[in-house]
Amino acid sequence: MRKIPSKNLPSNLPNVLPNNLQNASSNKTLWDEIVDIKNLDDAYHKSQKGKYKYKIRSIIFSQDLTYNLQQLREQLINNTYKISRYSKFIIHDPRERLVAAPHYRDKLVQISLHNKLKLIYDKIFISHSYACIEGKGTHRAVNQINKFMRKALWQWGEDTFIVKVDVKKFFYSINREILKKIIYKKIKCDKTRNLIYKIIDSSPSERGLPLGNITSQLFANIYLNEVDQYCKRFLGIKFYVRYMDDIVIILSNKQKAVEIVNLIKKFLKDRLNLEANANKTKIFPLSQGVNTIGFKIYTTHKLLRTDSKKRIKRKLSKFKKLIRDNKITIEKAETMLNSWLGHVKNCNSHNLIKKLLKKYKFLIMKNNIFKVNRKFI
C-alpha cells in the first residue's frame, strides 16, 4: 500500500479515519498500553479516591508526582522494577482474614495492569459471572438468581433442585502455576506476562493470592472462569450464576443435581487443584430457597441473612456511646447507616427497618433515609 504523505492528512484524523484503519495504524502492544504515562497517571488518580489519598506513602509520592510516575515507568520498561514488601494486617468481615497490602508504588502498577487486562478478560467471562466486574455486583447476582429460580419453577415445577457450590479457602488455595498456564493461553505479550507472573509470585505466602492486591480479584475470576466455561459449554447448564467462589445452579431434579455437583467437584480437584467446601456445598429443593451472597433468596421474595441482621444490630447498639465519646461523628454514623440501607433495600426489608426504628430511639427515617435524632444521644 502506498504511504500517504502526512501533509495530505486532515488535522482531525481520529474522527475521519474508519475504525479498522485507525486500529491498523496503531502499533502499540499491550505492554506499551500498560506502561503508557497516561495509563499510569490514570492509575494514580484512581488510587486517590476515598481515604487512600491521606496515606503517608500516597502523600509522599504525590509531592513529586511527575518525576515519580516517570521513574516508575522507566523501571517497568527497563525491567528493573521490583515489588516491595507487603504490609500485613488482620480484618474481621465477619470472619478473620489476613490481608497483605502492597506498597503504594506497587498498587499503581497493579491498577495500570488491571486497566488493560480487564478490557481483554471482561469479553471472555460469561454473562452471569458477577464479582468484581464493572456494572455487575452482588445485587445484580441476587436478582439474576431470583429470576432463574422463577423461570425454573415455571419450566420444571416443584421437583426443581438447587446446587450451591463453595470453594474451600479459595484465595489461599489458588495454585499459582495453574493460574500462570491459564493466563498464558490468552496473554501473548511476553513483557506483560512477565509482570503478571512477578505479581503472582510476590505473595508472602507459599500458596494462593494476597487479598490486598488490586489484581487478585481479577486473577481469581480468571481462575474460576475455567469452571464457568466447563459448566456452560461442556455440561450445558442453563441456570448458572457465580459470584467469586459462590456458585448457584438450578436443575430439573435431584438426580441431575447430584450428578452435576460431583462433576464440578472432580473438575475443581483435577483441573484447578481446589476443593469444594463440604459444609457449604449443598443440594436442596427450590422451595427451600438459597442462602448466598448476603441474602436468603426465594422465588417470591428476598430476605436479609440472619448474620447480616445481627451485625447491624451490634453496630446500632454501639453508636450512641461512640458518638458521645467523640469516636465517631453523627454525619459519619448516618453515612454508614444509609450505606447499609441502600444494601437492604434490594430485598424485602420493610419489617426489619420498622423493628430497628422502634428499638433504637435515636434512629429516625426522614425523606427515605436514616437520620440520627440528637435528642436521644
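Being a predicted model, the structure only gives us computed values, none of them experimental. (Residues numbered from 1 in each chain as written. Predicted model: local features only at pLDDT ≥ 70, side-chain atom pairs only at ≥ 80, totals over all residues. Heavy atoms only, no water.)

What follows is about unusual backbone geometry. Even without a glycine there, the phi angle at Cys132 is positive, about 55°. Within the element layout of this structure, Cys132 appears in the loop between helix H7 (104–121) and helix H8 (138–156). Cys132 sits in the partly exposed class, given a relative accessible area of 39%. Phi at Asn326 is positive, roughly 60°, even though this residue is not glycine. In this fold, Asn326 is placed in the loop between helix H14 (306–324) and helix H15 (330–344). (Helix = DSSP H or I, 4+ residues; strand = E, 2+ residues; numbered from the N terminus. Buried < 20%, exposed > 50% of the residue type's maximum accessible area, 1.4 Å probe, protein only.)

Below, the discussion takes up a nonpolar patch on the surface. Taken together, Ile90, Leu98 and Tyr172 make up a surface patch of nonpolar side chains, about 260 Å² in accessible area. Within the secondary structure layout, Leu98 lies in strand E2 (residues 96–101). (Patch = residues over 30% accessible without salt bridge, like charges linked within 9 Å, V, L, I, M, F, W, Y side chains within 5 Å. Areas by Shrake-Rupley, 256 points an atom, 1.4 Å probe, with all protein chains shown as cover. Salt bridge = Lys/Arg side-chain N within 4 Å of Asp/Glu carboxyl O.)

What follows is about the nonpolar core. Among the nonpolar cores identified, the biggest contains 65 residues, and Phe170, Phe219, Val227, Leu268 and Leu272 are the most heavily contacted of them. Here this core gets nine residues from one element, more than from any other, and that element is helix H12 (residues 216–234). The residues touching Phe170, leaving out its near neighbours within four places in the chain, are Ala220, Tyr223, Leu224, Met244, Asp245 and Leu274. One finds Val142, Ala152, Ile323 and Tyr360 within the second-largest nonpolar core, a separate group that totals 39 residues. (Core = buried A, V, L, I, M, F, W, Y, C linked by side-chain atoms within 4.5 Å. Contact = heavy atoms within 4.5 Å.)

On inspection of all chains with the given rule, the structure shows nine aromatic pairs. Between Tyr360 and Phe362, the ring centres sit 6.2 Å apart and the planes meet at 65°, which makes this aromatic pair edge-to-face. The exposure classification of Tyr360 matches that of Phe362, with both residues buried. The structure contains a cluster of three or more aromatic residues connected by ring pairs, namely Phe148, Trp156 and Phe239. Cation over ring: Lys136 sits above Tyr130, and NZ or CZ is 5.3 Å from the ring centre. For Lys180, the ring lying beneath its charged end belongs to Tyr197, and the centroid distance is 5.6 Å. (Phe/Tyr/Trp six-rings, centres within 6.5 Å; stacked < 30°, edge-to-face > 60°. Lys NZ or Arg CZ within 6 Å of the ring centre and 35° of its normal.)

Of all five residues that make up strand E4 (residues 239–243), four are buried, and the element is covered over most of its length. The pairing of E4 with strand E5 (residues 246–251) spans five bridges and is antiparallel. Looking at the pairing, Arg242 lines up with Ile247 of E5. Joining the antiparallel neighbours E4 and E5 is a turn of two residues, in which Met244 adopts a positive phi near 55°. (Pairing = 2+ DSSP bridges.)

With that out of the way, let us pick up the pairing of strand E10 (residues 363–366). As judged from the four bridges shared by E10 and strand E11 (residues 369–372), these two strands associate in the antiparallel manner. What sits directly across from Ile364, in E11, is Lys371.

Quick look at the environment of Arg85 now. On the secondary structure map, Arg85 appears in the loop between helix H6 (65–77) and strand E1 (87–92). Under the relative-accessibility criterion, Arg85 is labelled exposed at 77%. Along the chain, Arg85 and Tyr230 lie 145 residues apart, while their C-alpha atoms are 37 Å from each other.

Take the sheet that holds strand E7 (residues 290–292) next. One open sheet accounts for three strands, arranged E7-E8-E9; its pairing is antiparallel. Each of the sheet's edge strands pairs with one partner strand only, and the pair in question is E7 and strand E9 (302–304). The mean inter-strand angle of the sheet, taken between neighbouring strand axes irrespective of direction, is 25°. Across three bridges, strand E8 (residues 295–297) lies against E9 in antiparallel orientation. From the neighbouring strand, Ile297 faces E9, where its bridge partner is Lys302. (Axes fitted to C-alpha atoms, helices over the stretch in contact; angles between N-to-C directions.)

For H6, with 13 residues, the first-to-last C-alpha span of 18 Å sits near the 18 Å given by 1.5 Å per residue. Among all positions of H6, only Asn68, Leu69, Leu72 and Leu76 are buried. Burial along H6 is one-sided: seen end-on, the buried residues are contained in an arc of 100°. Where H6 is buried, its residues meet helix H3 (30–35), helix H4 (37–47), helix H5 (56–63), H7 and helix H11 (190–201). Count one or two residues on from H6 and you reach Asn79, which has phi positive near 60°. (Expected span 1.5 Å × (residues − 1). Arc of directions from axis to C-beta.)

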